[in-house]
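# Notes for the structure review
Listed below are the residues making up each chain.
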Amino acid sequence: MSTTVTPPPKKVNRIGLEILNYKGLKTTLCAGCGHNAISERIVECFYELGIEPYHVAKFSGIGCSSKSPAYFLGQSHGFNAVHGRMPAVASGAILANHHILGLGVTGDGDTASIGIGQFMHQVRRNVPMIYVIEDNGVYGLTKGQFSATADLGSKLKTGVLNDLPPFDCCALALKWGATFVARSFSGDKKQLQALLKAAIVHKGLSVIDVVSPCVTFNDHEGSTKSYSYMKDHEEPLHEVDFVPSYEDITVEIPEGEVREVVLHDGSRLRIRKLDRDYDPTQKISALAALEEAEAKGEVLTGVLYVAPEKPTFIELLNLMDEPLATLPESKVRPSKEVLDLVMEELR
Amino acid sequence: MSTVEVSPAEPRSDEASRPVINDFSIQVATVNGSGSQTANTVLMRSIFQMGIPVSGKNMFPSNIAGLPTWFTIRASKHGYIGRKKEVDFLVAMNPETAREDVMSLDSGAAVVYDEPLKLNALRSDLHFYPVPFDKLVAPVCPEAKLRKLVRNMIYDGVVANLLSIDMQEIRKALVKQFGKKKAKAAELNWGAAQAGYDYAAKTFTKRDPFRVERMNETAGKIIIDGNSASALGCLFAGVTVVTWYPITPSSSLVETLIAYMKRFRIDPETGKASFAVVQAEDELASIGMAIGAGWAGARSMTATAGPGISLMAEFIGLGYYAEIPAVIFDVERVGPSTGLPTRTAQGDLLSCALLSHGDTKHPMFFPCSPEECFTMAQDAFNLAERFQTPVFVMTDLDLGMNNWMSDPFPYPTTPIDRGKVLSAEDLEKLGGFARYRDVDGDGVGYRTIPGTRHPAAAYFTRGSGHNDRAGYSEREDDYMNNMDRLALKFETMRTHVPPPVAEYNDRARIGLIAVGTSHHAVEESRDQLRNEYEIETSYLRPKAYPFNAELVEFIRRHDRVYVVDQNRDAQLLGLMRLELEPEDIARLRSLRYYGGLPLDARTVTDEVIRQEGK
């Protein structure tokens with residue numbers, strides 16, 4: 001006698017892949033690190049949207065945040081580059097193959113200190129990719145020094161006070177031409193997921209600054225990037241639910257007015273207004289909102305700004321549809337007649 | 001008819017009776033920004049059109065306008081195209097340098113000068129030809145603001161008359177220079193040249209011995225600068241991603257490349273580009289993009305000079321360790337630091353060979369001519385992809401920015417080599433791959449590029465320690481195995497880079513070794529050593545680093561070997577020292593020049609003679 005055990009059907013997404021296909025190696029970051037939560041959201045988003053892992057390339061710089069791409073999307077190519085220069089490497093790769101969905105993950109040291117120049121130029125060029133800043137205001141891997149996003153007056157574990165004002169990466173991105181700017185908190189699963197999904201379908205550069213507390217060096221009283229501080233001060237701008245065009249998600253349509261931003265591929269970003277009539281297509285009000293929140297000591301989260309139609313760098317460069325990386329010799333080496341013509345001109 | 005010959009002893013009547021034909025150098029001294037470039041190019045080209053081997057070298061300041069600049073044109077019936085140290089025929093247009101320019105001439109030289117400078121009072125052993133440029137320019141150029149530019153063309157006419165350059169060749173060169181679109185400008189300049197010619201014809205009695213005579217040595221040849229030649233090499237190498245940051249003397253390489261790409265690399269049907277060019281925010285970004293693009297499968301490159309090389313160090317180390325192809329053109333200029341940005345050197349050999357921290361070493365190509373810029377650009381891309389590593393093409397300001405006579409470039413005869421890249425089909429057959437495993441015994445693993453549609457295609461690229469499956473590792477054995485494999489890869493390259501050019505002379509006890517533009521001085525110096533000192537020499541010119549086995553062979557066949565360096569610290573010799581046996585090193589002698597001008601034969605000859613104790 002034998003009993004037949006029917007295994008439960010595997011749960012798969014719209015392209016037939018399991019969530020396992022989207023996971024990476026086991027994290028080596030500290031238990032409870034906000035970065036791990038972000039990695040989990042990335043796994044969920046790509047799984048839920050049914051994106052082919054081979055279609056994605058991950059990029060990072062140096063630091064705790066930059067280690068994390070090893071911990072998600074194990075079937076996607078990854079490139080852990082040098083400190084602060086993730087944008088250049090990602091740009092090069094995307095120029096080589098603009099069909100790649102680029103996912104950059106950096107930290108606040110990477111982006112706001114050594115790499116602020118590259119960050120600003122990436123924004124200015126609107127290189128089509130997702131640019132996640134895992135922002136904890138501290139250098140974790142070198143054991144707890146202030147970064148350029150550490151708040152004025154915040155205190156290190158050693159008691160050292162930060163006497164310089166912080167860079168606001170969202171405000172910088174807004175000012176210098178970013179086409180998608182959002183802020184979230186690593187502990188806010190629902191919001192972060194919705195933002196990541198919106199970023200995935202945005203055709204240009206999407207900047208998401210995620211406040212991601214460092215449990216070891218910056219999660220204590222006196223730190224403005226700690227869990228307890230965030231829980232008390234986070235002010236969601238609006239609740240977002242992202243509806244991809246290829247998957248029917250039932251969402252709870254919020255009461256009251258709904259503002260829709262149509263993204264390039266026809267998918268829609270739905271923003272529920274909370275206490276303000278917030279329009280994410282207005283750069284000036286976005287900057288003002290950030291300033292106001294800063295003045296009130298609050299962290300404003302949500303989609304601050306979206307400009308879905310602005311041409312991407314790939315469009316500006318007028319690249320052919322076929323990836324440059326795999327063009328055949330016939331398309332990249334001109335004929336002998338061309339060489340003869342050039343030689344004749346030089347005689 | 002008058003000539004302002006101030007000569008008490010008149011020692012040159014002799015010389016005049018023995019004309020010097022097609023073997024002299026003309027130097028034009030002007031002020032930067034005065035528009036002398038056109039006049040100089042036309043003069044050089046007209047000599048070239050008369051079939052006489054010619055070379056032109058621009059010595060210019062790091063400045064847009066107002067500082068002294070010198071352009072030297074050398075005509076050589078022997079075909080020598082290196083710099084000639086002595087100036088035979090001076091055109092002194094710059095009041096600030098005129099005195100020093102005249103005082104540094106050898107006796108018997110000729111001087112065309114702006115009459116108000118009264119240079120004839122300075123020396124009595126030269127041939128002076130004063131020209132009232134301002135008086136001559138007014139009638140041929142009614143528009144006063146253009147006179148400054150057209151004025152220079154007058155000396156072309158004067159020089160043409162004095163050197164017997166055919167005025168029709170001047171006209172032809174002018175038309176070539178201005179093109180059909182600027183016919184008016186060409187006419188205006190032609191008028192000025194004629195005015196100069198006529199003035200000289202009716203005013204001067206020719207006393208100096210220098211003149212040209214038609215030859216047939218330039219038929220079919222082209223005139224091109226090395227940067228343009230490198231650009232064409234990249235174009236035909238199939239470059240797809242070009243990232244750069246402007247820096248003298250490399251900028252014109254990319255600017256020329258952009259112009260050619262726009263002409264020849266836009267799909268005629270779709271109007272879309274098969275290339276991407278990005279002027280980056282700095283050299284950190286330009287090399288970063290090149291590395292990113294190379295990683296993702298593009299043929300990527302950047303061009304820079306010394307300061308850019310310093311900035312790129314960290315990324316080049318990543319490229320070496322993570323094994324990513326990219327081609328870097330280093331158009332060398334004088335360092336350290338800002339140095340002399342508009343002077344030439346071979347001062348980056350050691351820094352490029354070993355660029356970045358830790359144990360790193362990088363292949364380099366050493367083109368000596370535009371034709372080699374063209375062919376080696378293609379070799380460099382193939383090597384970079386075959387060996388999955390950054391590759392340097394070491395040119396210099398002399399080669400890159402000066403105009404050279406060259407044979408037309410050959411169309412590539414071999415297909416583009418994309419190296420060991422696994423496709424989805426390959427992965428399906430293999431079931432998977434280990435990125436950094438030496439499967440073939442040559443030190444080079446197989447790679448995949450992002451976007452390869454297979455679950456086993458992905459790997460994680462990192463500059464941190466890794467094992468042969470590209471996994472993070474700090475293990476001693478993983479690290480050492482990886483470093484040893486990288487060393488093996490470098491050894492394998494020795495037989496894949498172009499072999500050196502060797503010229504053995506059975507009677508030679510001494511040998512010369514040089515790379516790049518030193519070649520032209522060395523070639524001429526070998527003739528000087530033979531003709532003037534009866535010293536026979538052999539010559540080895542490595543075309544690439546790592547050096548091929550013939551280097552040791554060459555050294556062992558000679559008692560003493562002079563290694564020619566255009567830098568203070570004997571960097572080429574230093575590179576050899578790193579890998580040679582002590583008994584081979586003992587045969588090496590260093591011959592160095594580092595003054596910022598293109599190396600000349602006389603400097604080489606004099607130094608060999610000094611060290612030989614003759």
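Starting afresh in each chain, residues are numbered from 1 along the sequence in its written order. Chains carry letters from A onward and ligands carry numbers from 1 onward, assigned in written order. Given that this is a predicted model, residues contribute local features only at a pLDDT of at least 70 and side-chain atom pairs are listed and counted only at 80 or more, while totals for whole chains, interfaces and linings are drawn from all residues. The basis for every side-chain value is the complete set of heavy atoms in the structure, and neither hydrogens nor water enter the calculation.

## Regarding the overall build of chain A
Numbering goes from the N terminus for both helices and strands, where a helix is a DSSP run of H or I of at least four residues and a strand is a run of E of at least two. Of the regular secondary structure elements, chain A holds 12 helices and 13 strands. For the exposure calls, accessible area comes from a 1.4 Å probe over protein chains only, and a residue counts as buried if that area is under 20% of its type's maximum, exposed if over 50%, partly exposed in between. Out of the 347 residues belonging to chain A, those deemed buried represent 57%. Taking contacts inside chain A between residues at least 6 apart in sequence as the whole, the part at least 24 apart equals 71%. When the accessible surface of chain A is split by element, carbon and sulfur atoms take 55% of a total near 14,500 Å². Whether two residues are in contact is decided by their heavy atoms, any of which lying within 4.5 Å being enough. We get accessible surface area from the Shrake-Rupley algorithm with a probe of 1.4 Å; when it comes to residues, only the shown protein chains can shield them.

## A short note on the overall build of chain B
Within chain B one finds 21 helices and 24 strands. Rg of the C-alpha trace for chain B: 27 Å, near the compact-globule value of 25 Å for 614 residues, within the 12% margin. In terms of its C-alpha atoms, chain B occupies a principal-axis envelope of roughly 90 × 65 × 40 Å. Out of the 614 residues in chain B, the part that is buried amounts to 62%. Contacts in chain B between residues at least 24 apart in sequence constitute 76% of all its contacts with a sequence separation of at least 6. By element, 50% of the accessible surface of chain B is carried by carbon and sulfur atoms, the whole surface being about 23,100 Å². Under the counting rule used here, the positive set is Lys and Arg, the negative set is Asp and Glu, and His together with the chain ends is not counted. To locate a charge, take atom NZ for lysine, CZ for arginine, CG for aspartate or CD for glutamate. For chain B, the separation between the mean place of its 69 positive charges and that of its 79 negative charges on side chains is 4 Å. Note that the radius of gyration is over C-alpha atoms, with the globule rule given as 2.2 Å times the number of residues to the power 0.38.

## A look at the side chain of Arg 265 of chain B
Mapped onto the secondary structure, Arg 265 of chain B falls in the loop between helix H9 (251-264) and strand E11 (276-279). Only one rule defines a salt bridge in this text: a Lys or Arg side-chain nitrogen within 4 Å of an Asp or Glu carboxyl oxygen. Lacking a salt bridge, the buried Arg 265 of chain B has Asp 267 of chain B as its closest oppositely charged neighbour, with an N-O distance of 9.9 Å. Polar contacts here mean pairs of N or O atoms no more than 3.5 Å apart (in protein, one a potential hydrogen donor and the other a potential acceptor; neighbouring residues in sequence count only if both atoms are side-chain atoms). A polar atom in the side chain of Arg 265 of chain B sits 2.6 Å from the backbone oxygen of Val 239 of chain B. Other than its neighbours up to four places away in sequence, Arg 265 of chain B contacts Lys 331, Val 332 and Pro 334 of chain A together with Leu 235, Gly 238, Val 239, Thr 240, Tyr 260, Lys 272, Ala 273, Ser 274 and Phe 275 of chain B.

## What about the interface of chain A and chain B?
Accessible area lost during the coming together of the parts is what is often quoted as the interface size. At the junction of the two partners, chain A supplies 56 residues and chain B supplies 73 residues. Carbon and sulfur atoms make up 64% of the area that chain A and chain B hide from each other, which totals about 5,200 Å². Accessible area, probed at 1.4 Å, shrinks when two parts are joined; the buried area is that loss added up over both. Area buried by chain A at its contact with chain B is led by Tyr 54, His 77 and Arg 333 of chain A, which between them contribute 15% of it. For the interface between chain A and chain B, the tally reads four salt bridges. Measuring nitrogen to oxygen at the nearest pair gives 2.8 Å for the salt bridge that ties Arg 263 of chain B to Glu 345 of chain A.

## Describing the nonpolar core
Here, the term nonpolar core denotes a set of buried Ala, Val, Leu, Ile, Met, Phe, Trp, Tyr and Cys residues that are joined through side-chain atoms within 4.5 Å. Ile 26, Phe 89, Ile 165, Leu 232 and Met 301 of chain B are the most contacted members of the largest nonpolar core, which has 214 residues in total. Not counting chain neighbours up to four residues away, the residues in contact with Ile 26 of chain B comprise Ile 47, Phe 71, Thr 72, Ile 73, Phe 89, Val 91, Val 159 and Leu 163 of chain B. Counting 30 residues, the second largest nonpolar core, distinct from the first, contains Tyr 22, Phe 46, Val 56 and Val 303 of chain A.

## Some words on the environment of Asn 80 of chain A
Here Asn 80 of chain A is to be found in strand E2 (residues 77-80). Each C-alpha atom of the pair Asn 80 of chain A and Thr 149 of chain A lies 22 Å from the other, and the pair is 69 residues apart in sequence. Here Asn 80 of chain A is in contact with Ser 60, Gly 61, Ile 62 and Ser 66 of chain A together with Phe 460, Thr 461, Arg 462, Gly 463 and Ser 464 of chain B, once residues within four sequence places are set aside.

## Section: the pairing of strand E7 (residues 180-185) of chain A
Residue and element names in this part refer to chain A. Among the six residues in E7, six count as buried, and that is most of the element. The side-chain alternation of E7 yields two buried faces, one formed by Phe 180, Ala 182 and Ser 184 and the other by Val 181, Arg 183 and Phe 185. Here E7 pairs with strand E13 (residues 299-306) via four bridges, running antiparallel. Across the sheet, residue Ala 182 finds its bridge partner in E13, namely Val 303. In this structure, E7 lies alongside strand E8 (residues 205-211), joined through five bridges in parallel fashion. Directly across from Val 181, in E8, lies its bridge partner Val 207. A clockwise path from the first strand over the helix to the second, with the strands pointing away from the viewer, defines a right-handed crossover. With respect to chirality, the unit in which E7 leads through helix H7 (residues 189-201) into the neighbouring parallel E8 is right-handed. The rule for pairing is simple: two strands pair if DSSP sees at least two bridges between them.

## Quick notes on the sheet that holds strand E23 (residues 560-565) of chain B
Residues and elements named next belong to chain B. As summarised here, the arrangement of the five strands in space is E19-E21-E20-E23-E24, forming an open sheet in which the pairing is mixed. Where the open sheet ends on each side, the last strands, each with one partner, are strand E19 (501-503) and strand E24 (588-592). Shown here is a sheet whose adjacent strand axes are inclined to one another by a mean of 20°, direction ignored. Pairing between strand E20 (residues 510-513) and E23: four bridges, direction parallel. Paired with Leu 512 across the two strands is Tyr 562, which belongs to E23. Note on geometry: axes are lines fitted to C-alpha atoms, helical ones only across the stretch in contact, with angles between N-to-C directions running from 0 to 180 degrees.

## What to know about the pattern of salt bridges
Tallied over the entire structure, the rule returns 53 salt bridges over all chains. Across the salt bridge formed by Arg 85 of chain A and Glu 314 of chain B, the nearest N and O atoms sit 3.8 Å from each other. One end of the pair, Arg 85 of chain A, is in the loop between E2 and helix H3 (86-96); the other, Glu 314 of chain B, is in helix H11 (residues 306-322), on a second chain. Look at Arg 85 of chain A and you get buried, because its relative accessible area is 9%. Judged by relative accessible area, which is 32%, Glu 314 of chain B ranks as partly exposed. Two residues, Glu 607 of chain B and Arg 610 of chain B, come together in a salt bridge whose shortest N-O distance is 2.8 Å. With Glu 607 of chain B and Arg 610 of chain B both in helix H21 (residues 601-612), this residue pair falls three residues apart, about one helical turn.

## Section: the side chain of Thr 389 of chain B
Tracing the sequence through the fold places Thr 389 of chain B in the loop between helix H13 (370-387) and strand E16 (390-396). Among residues more than four places away in sequence, those in contact with Thr 389 of chain B are Gly 319, Tyr 320, Ile 324, Pro 325, Ala 326, Pro 363, Ala 384, Lys 489 and Met 493 of chain B.

## Some points on the domain arrangement of chain B
Where each domain starts and ends follows an automatic or database-derived domain assignment. Its domain assignment divides chain B into domain 1 (13-211), domain 2 (224-406), domain 3 (424-493) and domain 4 (501-612). Using only C-alpha atoms to locate each centre, domain 1 of chain B and domain 3 of chain B end up separated by 60 Å.

## Some points on the packing of helix H8 (residues 226-237) of chain B against H9 of chain B
Residues and elements named next belong to chain B. Taken N-terminus to C-terminus, the directions of H8 and H9 make an angle of 45°; their axes are 8 Å apart at the nearest point. It follows that H8 is oblique to H9 by the angle criterion. The interaxial crossing formed by H8 with H9 has right-handed handedness. Listed contacts from H9 to Asn 227, Ser 228, Ser 230, Ala 231, Leu 232, Cys 234 and Leu 235 of H8 are Ser 252, Leu 253, Thr 256, Leu 257, Tyr 260, Met 261 and Phe 264. We call Asp, Glu, Lys and Arg charged. Ala, Val, Leu, Ile, Met, Phe, Trp, Tyr, Cys and Pro are nonpolar, and the rest, Gly among them, are polar. Within the contact of H8 with H9, the residues separate by chemical class into nine nonpolar, five polar and no charged. An angle counts as roughly parallel when it lies under 35 degrees, as roughly antiparallel when it exceeds 145, as roughly perpendicular when it falls between 65 and 115, and as oblique in every other case. Note: crossing handedness is left-handed where the near helix turns anticlockwise from the far helix by less than a right angle, and right-handed where it turns clockwise.

## Quick look at unusual backbone geometry
Residues and elements named next belong to chain B. For the peptide bond that leads from Thr 248 to Pro 249, omega is 5°, which places it in the cis range. Locating Pro 249 in the fold gives a position in the loop between strand E10 (241-244) and H9. Along the chain, Gly 335 connects to Pro 336 via a cis peptide bond; the corresponding omega equals 0°. Mapping Pro 336 onto the fold places it in the loop between strand E13 (326-334) and strand E14 (340-344). Of note in the backbone geometry, Ser 337 takes a positive phi value of approximately 55° without being a glycine. On the basis of relative accessible area, Ser 337 is assigned to the exposed category, the value being 65%. Notably, Ala 570 is not glycine yet its phi reads approximately 55°, a positive angle.

## Section: the sheet that holds E8 of chain A
On the basis of which strands lie adjacent, the open sheet formed by nine strands has the order E9(A)-E13(A)-E7(A)-E8(A)-E4(A)-E3(A)-E1(A)-E2(A)-E18(B) and mixed pairing. With partners counted over all chains shown, the strands left at the sheet margins are strand E9 (234-236) of chain A together with strand E18 (460-462) of chain B, one partner each. Each strand axis lies, on average, 20° off the axis of its neighbour in the sheet, ignoring direction. With three bridges connecting them, E9 of chain A and E13 of chain A associate as parallel partners. Bridging across to E13 of chain A, Glu 235 of chain A finds its partner in Leu 300 of chain A.

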